[in-house]
Amino acid sequence: MKIFSKLVLLPLVATYLAVSPLSVLAAPAAKPEKLIQWRQSAYRVVEWNVARIKAALEGQYDKNEVTTAANTIASVASSGIEDLFVPGTEQGKGWHETSAKPEAFKDRKRFAELSLSFSKEAAELAKIAPTADAAAVKAQFGKVTRTCKACHDDFKGKE
């Protein structure tokens, strides 16, 4: 098995890792409506998982439910979602008309700061969730939702 790994498997993995970034660069750019759909979908996943945590905090606390939801939010927050806000998607329809304000495309520095803050706070929530300390989760959940609100205040219009 060691010989197979060294002679066959290792070169295959190395080749894949060397070539796979090139395939991403060679992929055709997505259409604006597809980019809008992707970001709308990502934010709906976050919204659903925020609701799951809120329900757990307001009702019967379920550590597993909260942990799953927190991990999902952290994954979406760190997925590079801000990269879906590209020129040409300021207006248009994904699943519905975009509600992104033009400022999201103009003030990229502020948008990046808020995105990083969301990612950081969501990662911290995912770290705290498995401890089953509802008070700590509630405090960190508040930080996460405040990052959402800050971004919405600056960059999201009415749906």
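Shown above is the structure to which this text applies.
The structure contained in this document is the topic of the report that follows. Every value quoted in this text rests on a predicted model; they were computed, and no experiment measured them.

Some details on the side chain of Gln 37
Now for step 1: Position of Gln 37 among the secondary structure elements: in helix H2 (residues 32-58).
Now for step 2: The buried category is assigned to Gln 37, whose relative accessible area is 15%.
Now for step 3: Contacts of Gln 37, omitting those with residues within four sequence positions, involve Gly 94 and Trp 95.

Observations regarding the packing of aromatic side chains
Now for step 1: A full pass over the atoms with the stated rule returns 4 aromatic pairs.
Now for step 2: Relative to Phe 105, the ring of Phe 85 lies with its centre 5.9 Å away and its plane at 50°, an arrangement referred to as tilted. Remark: Phe 105 occurs in helix H4 (residues 103-106) and Phe 85 occurs in the loop between helix H3 (63-77) and H4; sequence separation between them is 20 residues. For the pair shown, Phe 85 and Phe 105 are each scored as buried.
Now for step 3: An aromatic cluster is built from Tyr 43, Phe 85, Phe 105, Phe 111 and Phe 155, whose rings are joined through pairwise contacts.
Now for step 4: A cation over a ring is seen here: Arg 39 above Phe 85, with NZ or CZ 4.4 Å from the ring centre.
Now for step 5: One Lys or Arg, Arg 52, reaches over the ring of Trp 48 and ends 4.7 Å from the middle of that ring.

A look at the nonpolar core
Now for step 1: In this structure, Ile 53, Val 66, Ala 70, Ile 73, Phe 118 and Leu 125 are the most contacted members of the largest nonpolar core, which totals 24 residues.
Now for step 2: Secondary structure elements with two or more residues in this core: H2, H3, helix H5 (108-128) and helix H6 (134-155).
Now for step 3: Among the elements that make up this core, the one with the highest residue count is H3 (7 residues).
Now for step 4: With near-sequence residues (within four places) excluded, Ala 70 lies in contact with Ile 53, Ala 122, Leu 125, Ala 126 and Ala 129.
Now for step 5: In this structure, Ala 100, Ala 104, Phe 105 and Phe 155 belong to the second largest nonpolar core, which totals 8 residues.

Notes on H3
Since one α-helical turn is 3.6 residues long, residues separated by three or four positions face the same way.
Now for step 1: Relative to the 21 Å expected for 15 residues at 1.5 Å per residue, H3 spans 21 Å between its end C-alpha atoms, a close match to the ideal helical length.
Now for step 2: Every buried residue of H3 is listed here: Val 66, Thr 67, Ala 69, Ala 70, Ile 73, Ala 74, Val 76 and Ala 77.
Now for step 3: For H3, the secondary structure elements touched by its buried residues are H2, H5 and H6.

Some points on the pattern of salt bridges
Now for step 1: A complete count under the given rule lists 7 salt bridges for this structure.
Now for step 2: Note that Glu 121 and Lys 120 form a salt bridge whose closest N and O atoms lie 3.1 Å from each other.
Now for step 3: The buried category is assigned to Glu 121, whose relative accessible area is 12%.
Now for step 4: Asp 153 is the partner of Lys 149 in a salt bridge, and the nearest nitrogen-oxygen pair spans 2.8 Å. A residue pair is termed a helical-turn pair when its members lie 3 or 4 positions apart in one helix, as Lys 149 and Asp 153 do in helix H6 at 4 residues.
Now for step 5: Take Asp 153: its relative accessible area is 43%, and that puts it in the partly exposed class.

What counts, and where the lines are drawn
Chains are numbered independently. Their residues run from 1 in the order of the written sequence. Where local features are concerned, this predicted model is filtered to residues with pLDDT of at least 70; where side-chain atom pairs are given and counted, the filter is 80 or more; whole-chain, interface and lining totals use all residues. Side-chain metrics in this entry use all non-hydrogen atoms of the structure; hydrogen atoms and water are not considered. Secondary structure follows DSSP: runs of H or I at least 4 residues long count as helices, runs of E at least 2 residues long count as strands, and numbering of each begins at the N terminus. The buried label goes to any residue with under 20% of its type's maximum accessible area, the exposed label to any with over 50%, and the partly exposed label to all in between, with areas taken from a 1.4 Å probe on protein chains only. Working rule for contacts: check all heavy atoms of both residues, and any pair within 4.5 Å makes them a contact. Pairing of aromatic rings covers Phe, Tyr and Trp, the last through its six-membered ring, and needs centres within 6.5 Å; plane angles under 30 degrees mean stacked, over 60 mean edge-to-face, and all others mean tilted. Two conditions define a charge sitting above a ring: the NZ of Lys or the CZ of Arg must be within 6 Å of the ring centre, and it must be within 35 degrees of the ring normal. The nonpolar core is taken to be a set of buried Ala, Val, Leu, Ile, Met, Phe, Trp, Tyr and Cys residues, with the residues joined through side-chain atoms within 4.5 Å. The span you would expect from a helix comes to 1.5 Å times its residue count less one. Salt-bridge detection follows one rule: a side-chain nitrogen of Lys or Arg within 4 Å of a carboxyl oxygen of Asp or Glu.

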